[in-house]
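So you can see what is in the structure, the chains are spelled out below.
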Amino acid sequence: MAVRSKENFLVFGAPRIEEDEIQELEAVMRSGWLGTGPRVAAFEHDFCRYRSAEHAVALSSCSAALHLSLLAAGIGSGDEVITTPLTFCATVNSIIHAGATPVLADIDPRTMNIDPEQVRALLTDRTRAIVPVHFAGRPCEMDPLMEMATQRGLKVIEDCAHAIETEYHGRSAGTFGDFGCFSFYVTKNIVTGEGGMVFTRREEDAARIKILGLHGMTKDAWKRFGDEGYKHYYVVAAGFKYNMMDLQAAIGLKQLEKVDAYWRRRQVIWNRYCEAFAELPLGLPAAPEANTRHAHHLFNVLVDSERCGISRDDFLNGMTAQGIGVGVHYLSLTEHPYYQETYGWKPEDTPHATRIGRQTVSLPISAKLSDRDVEDVIEAVCCVLPQRTADVA
Ligand SMILES: *Cc1c(COP(=O)(O)O)cnc(C)c1O
C-alpha cells in the first residue's frame, strides 16, 4: 500500500493560498483596473522595504528580470557572462537572449553554489558579468565574488529566484550586485502566479528597466489614462512586454505579509527532515553557514546508488508511486542537447554539478505542508530506500 493514495497525491511545490489573497484578488477584479497600476507600485514599495533595497521594478517573471538586467548592464554581443551549471535554464537563456556568451563555472559540492575560485579561473578580457544563483536559498560567497567584480570592473546580477529571505553577513541577497532578480512563480517562496522583481543599485537602471519592460514606452498606461489629461507616449527603445499586472501584485502584497511566517514553517520542516534522515545513507544539505540566513527554498537529498542501493531515477519513481511529488533541481545545464550543440558543453566540464545533478532529489518543503504531510514524506523515503538487511561488520 502506498503511503498516500492517488486522490491524495502530495503535489510538489504547491503554494499556500489563503482567504486574504482571494479577497484581495476579488477587490482588484471589482475595481476595474487589472493591469499595471497602483497595486504594482505598492508591491514594489513593500518588497523594496522588506529587503532594504534601493530601487525595485516588478516584472512578469524572474526570467524577464534577468534579461532586462543584462540589457540595462550593457551586456551584449561579444561579451562573456559567467554563471553556474546547477540552475534553471532561464538563468543561461537570459544571457543568450542578451546576445552574450554564457560560461559555466563549476560549483562547490558542499554548498552547491558557484565556486569563486572556478570563476576566477575562467576570467578573460571578454568577461563582463557574473550571475551567481543562491541555490536552494543558501547565499553564494558574495565577498570574494564582489571583490573580483570590483577589481575587474564586472557587473553582478544575482539570481535570487530561491532567495527572497536569504541574507549574507547581515545583508539581503539581491542587494550586493548591480541587480538582484526575484521570482514569484507558483513554486517559489511567495507567489503571484507568474511574476518577478528586480532590485537595482542605481536609479537610472530602474528607470531603464521600467521602459524596456513596457515596449520601450516613456509613460505607463496608469499615467496615460489617468485623470490629468491625455498624455502621448514616445517609444525610446525596442522594448518587451514584461510588465506585472495589478491582479498579480494583489496576491503578492498579501503573500509578502506572510513571508517570514512561511519561512519559519519551512525551517521547521527542514530541521525535521534533517533529524529524520540523519541515519539514512542519503546525502543531506550542509548546515547553513554562520552569519547567513538560508531561505530553505529547496530540501534536496543526494541518492548515491552505491550507498543507497537504488538509482536516483528509481528513487524518484518510488516516491511518486508512494503518492509524494518530488523534483530535480537540477540536471546540470551541460546535460542538455541545445547547449551541447551550441556551446560544446560536456558533462565532464563541470564534474561537481554533473554528479549532484545526477544524484539530487528535492522533497516537498512548501509552507502549505501540514505536520501529517511531512511525516508522510519521511515514511515514503524510508519505504523507497532498500532495507539494509545485514550491516557488514
Ligand atoms: C524559477 C527560476 C527562475 C525563473 O523564474 P521565473 O519567474 O519562472 O521566470 C530563474 N532562476 C532560477 C534559479 C529559478 O529557480
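Residues numbered from 1 in each chain as written. Predicted model: local features only at pLDDT ≥ 70, side-chain atom pairs only at ≥ 80, totals over all residues. Heavy atoms only, no water.

**Q** When you look at the sheet that holds strand S2 (residues 80–83) in this model, what are you seeing that I'm missing?
**A** Paired through backbone hydrogen bonds, the strands of a sheet run either parallel or antiparallel to each other. In space, the seven strands of this open sheet follow the order S1-S9-S8-S5-S4-S2-S3, with mixed pairing throughout. The sheet is open, and its two edges are formed by strand S1 (55–59) and strand S3 (101–104), each paired on a single side. This sheet shows a mean twist of 25 degrees between the axes of neighbouring strands, independent of strand direction. Where S1 and strand S9 (residues 196–200) come together, five bridges link them in antiparallel fashion. When the sheet's bridge partners are listed, Val-57 is paired in S9 with Val-198. Sitting on the sheet, helix H3 (residues 62–72) is in contact with S1, S2, strand S4 (127–131), strand S5 (155–159), strand S8 (179–183) and S9, with an inclination near 165 degrees to S8. (Pairing = 2+ DSSP bridges. Helix = DSSP H or I, 4+ residues; strand = E, 2+ residues; numbered from the N terminus. Axes fitted to C-alpha atoms, helices over the stretch in contact; angles between N-to-C directions. Contact = heavy atoms within 4.5 Å.)

**Q** Would you explain the site of the ligand in this entry?
**A** Taken together, the neighbourhood of the ligand is formed by 15 residues, with Ser-63, Asp-159, His-162, Ser-183 and Lys-188 sitting nearest. Contacts to the ligand include Ser-63, whose side-chain N or O atom sits 2.5 Å from an oxygen atom. The side chain of His-162 places a nitrogen or oxygen atom 2.8 Å from an oxygen atom of the ligand. In the shell around the ligand, the residues fall into six nonpolar, seven polar and two charged. (Near = heavy atom within 4 Å. Polar contact = N/O pair within 3.5 Å; in protein donor to acceptor, adjacent residues only side chain to side chain. Nonpolar A, V, L, I, M, F, W, Y, C, P; charged D, E, K, R; others polar.)

**Q** Sorry, what's going on with the sheet that holds strand S10 (residues 292–293) here?
**A** Ordered by their spatial adjacency, three strands build an open sheet running S7-S6-S10, and the pairing between neighbours is antiparallel. What marks the edges here is a single partner per strand, and that holds for strand S7 (171–172) and S10. Across two bridges, strand S6 (residues 167–168) lies against S7 in antiparallel orientation. The residue bridging Glu-167 from the neighbouring strand is Ser-172, located in S7.

**Q** I keep staring at the side chain of Lys-258 and nothing clicks. Help me out?
**A** Residue position: Lys-258 is located in the loop between helix H9 (246–257) and helix H10 (259–276). Among the polar contacts made by the side chain of Lys-258, one reaches the side chain of Glu-18 at a distance of 3.1 Å. At 2.9 Å, the side chain of Lys-258 forms a polar contact with the side chain of Asp-20. Once you skip the residues sitting within four places of it in the chain, Lys-258 turns out to touch Glu-18, Asp-20 and Glu-21.

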